[in-house]
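Single-letter residue listing:
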Amino acid sequence: MARKTLNIGMVGYGFMGRAHSNAYRTVGNFFDLAYQPVLKAVAARNAEKAAAFAETWGYESIEDDWRRLVEREDIDAIDICTPNDLHAEIAIAAAGAGKMVLCEKPLARTAAEALPMVEAVEKAGVPNLVWYNYRRVPAVSFIKQIVASGKLGKIFHYRSKFLQDWTISPDVPQGGAGTWRLDVGAAGSGVTGDLLAHCIDGAIWINGSIDTLTAMTETFVKQRRNALSGEVQAVGIDDAAAVLTRFANGSLGTFESTRYARGHKALYTLEINGEHGSLAWDLHDLNRVQWFDHRVESALRGWSSILVTDGDHPYLGRWWVPGLSIGYEHSFVHTVADFIEGLSSGKPAAPTFRDALETTQICDAIIESGRSGAWVSAGA
Ligand code: SOE
């Protein structure tokens, strides 16, 4: 059957613009879908950079203002890959123009900013999704399946961290391309919205809602040069966060994120301990799940290492032959595949804007508790 086209209008051309563009280009070669993404146009203020990006990734045209992209009749879906401070304005305009909206994480800088985005897509009735890509690493999806099947029994602990080390030098500027994540105005928060948000999204998805939390946050470097103005400014982001949570299912959570863990470039880990067993995963060995099953007879009991590369594992049947690995970029391909499946089935892929609002509410609560030191209700 001939596929229908899904015309993509991309806003932004950074690291995430590349990850998403690669996914749109690849998905149709491996997944049998009703829609084929077409890279119709990319919008960016810098027309020269937009043109170079369009040339590299195969976009048919460029716009130097995202507003024109949103108005174009030949665009079906707007994909937002800008710094966080532009997410809300673009998403609300796109929904108002009747476009589907895919937004890079976090949904917005704060829940107050995210809520009108949720309302806009729901009012317009347009399909929407937030790119929490790590859900769709097959090993993480597999963990979700195992926990949902009840094999772990009652869950006691959820433990997760995301560690990096790229902002230790006080010479790293804030603001501008590449370093906007350090500018509180552009990003909203530091590691909480950028890194911990992945851990929180995964935790809510796998282990359910968080009721209350308390957090410790720190800004190690207090002043940085602004990359655009050259001015030395106060730093407003959290450089590190450590969080204790209570989940609605009675389990306890511990979360940590920092950009000051020397030696760690992108170490995302998660571990879940239940009555009958435990599961663990980390991004550096992303095709492996560690599994301990207490129901095995005691002499044979031990941690086993499951290579998640079998045709029966989530998404793997679409790729190579059993035993062959896939990588980081595939999590984005799977996101597009599920989004398109959702269009065909009418069962929207998660996290929708509404789902992702919960993660942003938790991030807000972390920042609030980091300031006050108090236990705060997650406010979902
Ligand atoms: C920050 O360095 C970053 O690129 C995040 O913005 C991404 O969400 C994360 O997946 C990797 O690290």
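Residues numbered from 1 in each chain as written. Predicted model: local features only at pLDDT ≥ 70, side-chain atom pairs only at ≥ 80, totals over all residues. Heavy atoms only, no water.

1. Thoughts on the overall build of the protein chain
The secondary structure content of the protein chain amounts to ten helices and 17 strands. The dimensions of the protein chain, computed from C-alpha atoms along their principal axes, are 65 × 60 × 40 Å. Buried residues in the protein chain amount to 54% of all 380 residues. In the protein chain, once contacts between residues fewer than 6 apart in sequence are set aside, the share between residues at least 24 apart is 68%. When the accessible surface of the protein chain is split by element, carbon and sulfur atoms take 52% of a total near 16,100 Å². When the 36 basic and 44 acidic side-chain charges of the protein chain are each reduced to a single mean position, those positions are 2 Å apart. (Helix = DSSP H or I, 4+ residues; strand = E, 2+ residues; numbered from the N terminus. Buried < 20%, exposed > 50% of the residue type's maximum accessible area, 1.4 Å probe, protein only. Contact = heavy atoms within 4.5 Å. Areas by Shrake-Rupley, 256 points an atom, 1.4 Å probe, with all protein chains shown as cover. Lys, Arg positive; Asp, Glu negative; His and termini not counted. Charge placed at Lys NZ, Arg CZ, Asp CG, Glu CD.)

2. Quick word on the site of the ligand
Neighbouring the ligand are Phe15, Lys105, Tyr134, Gln164, Trp166, Arg181, Asp194, Leu195 and His198. Arg181 places a polar side-chain atom, nitrogen or oxygen, 2.9 Å from an oxygen atom of the ligand. Within the side chain of Asp194, a nitrogen or oxygen atom sits 2.6 Å from an oxygen atom of the ligand. Coverage of the ligand by the protein amounts to 89% of the 310 Å² it exposes when considered alone. With respect to the pocket detection grid, the ligand is positioned in the largest pocket. By residue number, the principal contributor to the shell around the ligand is helix 8 (residues 191-207), which donates three residues. Tallied by class, residues from the shell around the ligand come to four nonpolar, two polar and three charged. (Near = heavy atom within 4 Å. Polar contact = N/O pair within 3.5 Å; in protein donor to acceptor, adjacent residues only side chain to side chain. 1 Å grid on protein atoms, 1.4 Å probe; cavity = no way out; pocket = protein on both sides within 12 Å on 5 of 7 lines; lining within 4 Å. Sits in = over half its atoms within 2 Å of the grid points. Nonpolar A, V, L, I, M, F, W, Y, C, P; charged D, E, K, R; others polar.)

3. So, the UniProt feature "domain: GFO/IDH/MocA-like oxidoreductase" (unreviewed entry) in the protein chain
The residues that UniProt annotates with the feature "domain: GFO/IDH/MocA-like oxidoreductase" (unreviewed entry) are residues 143-279. Counted over residues 143-279, helix gives 20% and strand 36%. Its end C-alpha atoms are 7 Å apart. (UniProt positions renumbered as here; feature names shortened; annotations may be inferred.)

4. Examining the packing of helix 5 (residues 111-124) against helix 10 (residues 353-372)
For the pair helix 5 and helix 10, interaxial distance at closest approach is 9 Å and the crossing angle is 175°. In terms of orientation, helix 5 lies roughly antiparallel with respect to helix 10. Residue-level contacts link Ala111, Ala112, Ala114, Leu115, Met117, Val118, Val121 and Glu122 of helix 5 to Phe353, Arg354, Leu357, Thr360, Gln361 and Asp364 of helix 10. Here the residues of the contact of helix 5 with helix 10 sort into nine nonpolar, two polar and three charged. (Axes fitted to C-alpha atoms, helices over the stretch in contact; angles between N-to-C directions. Parallel < 35°, antiparallel > 145°, perpendicular 65-115°, else oblique.)

5. Section: the sheet that holds strand 5 (residues 100-104)
Strand pairing in a sheet takes place through backbone hydrogen bonds and is either antiparallel or parallel in direction. The six strands are arranged 3-2-1-4-5-6 in an open sheet whose pairing can be described as parallel. Of all the strands in the sheet, the pair left with one neighbour each is strand 3 (61-63) and strand 6 (128-131). Direction aside, the axes of adjacent strands within the sheet are offset by 25° on average. Pairing geometry for strand 1 (residues 4-11) and strand 4 (residues 77-80), over four bridges, is parallel. Bridge assignment links Ile8 to a residue of strand 4, and that residue is Ala77. Along the sheet face, helix 1 (residues 15-30) touches strand 1, strand 2 (35-43), strand 4, strand 5 and strand 6 and points at about 150° away from the line of strand 2. (Pairing = 2+ DSSP bridges.)

6. Brief notes about the UniProt feature "domain: Gfo/Idh/MocA-like oxidoreductase N-terminal" (unreviewed entry) in the protein chain
When the UniProt feature table is mapped onto this chain, "domain: Gfo/Idh/MocA-like oxidoreductase N-terminal" (unreviewed entry) is found at residues 6-127. Helix makes up 47% of residues 6-127 and strand 22%. Its end C-alpha atoms lie 12 Å apart.

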